[in-house]
Amino acid sequence: MNALIVVDVQNDFLPGGSLAVPDGQAVIPIANAAMENAKRSGSIVVATQDRHPRNHGSFASQHENADIGSVIELDGLDQVLWSDHCVADTPGVAFPEALRTDLIDRVFPKGGDPMVDSYSGFFDNGRRHSTGLAEFLRDQGVTSVTVLGLATDYCVKFTALDAAAEGFNTTLLLDGSRGVNLNPGDVDAAVAELCDHGVHIKRVEETNQC
Ligand code: VGL
Ligand code: ZN
């Protein structure tokens, strides 16, 4: 059984949102087509949703004299500071109107603990809590997953790494994802790291490159 994991395709990560990923809107039609294909072939579709409390420790606004993009220590872990984003019960946390949310079987929220960020859809960054995604997929008999969404160098990367580490045969749909590139080359480095960890890198209509 295959599953498609749609990562963090949310208003705040789209142009006009508070943490816009360049060209992020381009993933919407690709996600929709991938979800339609998945459902047609009997696969499961799950989505992850970044969903933070207003006082989340990853927000630069919660720290004195802290610049967006700088790195601090948050409860023992290195933490990049972001603009406020995906705050629960705000329009920014929602999936965009254009996304075929009717095709999503289950949504896995993450990032609810103000003291630890959660890039992966499986575990928080300290691996203190599981979202239940791995257990859900195993219960459904899933052995392979395809990952796409936002952002390639953060939540998509860590979701794909954890999927592979959890034993799922994992493919990144590269052109179904867009990255932040906080530092130039971050997306390329993420792709190389994913390859190193056995994640297949694929483009729509293409076979595996590694
Ligand atoms: C993300 C930064 C902060 C992501 C989430 O979805 O990639 N990036 N929170
Ligand atoms: Zn976040």
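Residues numbered from 1 in each chain as written. Chains lettered and ligands numbered in written order. Predicted model: local features only at pLDDT ≥ 70, side-chain atom pairs only at ≥ 80, totals over all residues. Heavy atoms only, no water.

Caption draft 1: Molecular detail of the packing of aromatic side chains. As enumerated under the stated definition, the model contains 5 aromatic pairs in all. Put simply, the rings of W82, Y119, Y154 and F158 pair up and form one aromatic cluster. Here R127 stacks its cationic end above the ring of F123, 4.2 Å away from the centre of that ring. (Phe/Tyr/Trp six-rings, centres within 6.5 Å; stacked < 30°, edge-to-face > 60°. Lys NZ or Arg CZ within 6 Å of the ring centre and 35° of its normal.)

Caption draft 2: Quick look at the sheet that holds strand β2 (residues 44-50). Strand order in the open sheet made by the 6 strands is β5-β2-β1-β6-β7-β8, with parallel pairing throughout. Each having just a single partner strand, β5 (106-110) and β8 (200-202) make up the two edges of the open sheet. In this sheet, adjacent strand axes meet at a mean angle of 25° when their direction is disregarded. Strands β1 (2-7), β5, β6 (144-150) and β7 (169-178) of the sheet are contacted by helix α3 (residues 152-165), whose axis makes an angle of about 170° with β6. (Pairing = 2+ DSSP bridges. Helix = DSSP H or I, 4+ residues; strand = E, 2+ residues; numbered from the N terminus. Axes fitted to C-alpha atoms, helices over the stretch in contact; angles between N-to-C directions. Contact = heavy atoms within 4.5 Å.)

Caption draft 3: Examining the pattern of salt bridges more closely. One pass over the full model with this rule turns up 10 salt bridges. A salt bridge links D50 to K110; the shortest N-O distance between them is 3.0 Å. Highlighted residues: D50 in strand β2 and K110 in strand β5, separated in sequence by 60 residues. Here D50 and K110 have matching classes, each one buried. Across the salt bridge formed by R100 and D102, the nearest N and O atoms sit 2.8 Å from each other. Through salt bridges with shared partners, one network takes in D8, D50 and K110. (Salt bridge = Lys/Arg side-chain N within 4 Å of Asp/Glu carboxyl O. Buried < 20%, exposed > 50% of the residue type's maximum accessible area, 1.4 Å probe, protein only.)

Caption draft 4: Just helix α4 (residues 186-196), in detail. When α4 is considered as a whole, its buried residues turn out to be D186, V187, A190, V191 and L194. All buried residues of α4 fall inside an arc of 140° around its axis, so they share one side. Residues D188 and D196 are exposed on α4 and point more than 90 degrees away from its buried face. Looking at the buried residues of α4, the elements they touch are α3, β7 and β8. G198, located one to two residues past α4, shows a positive phi value of around 85°. (Arc of directions from axis to C-beta.)

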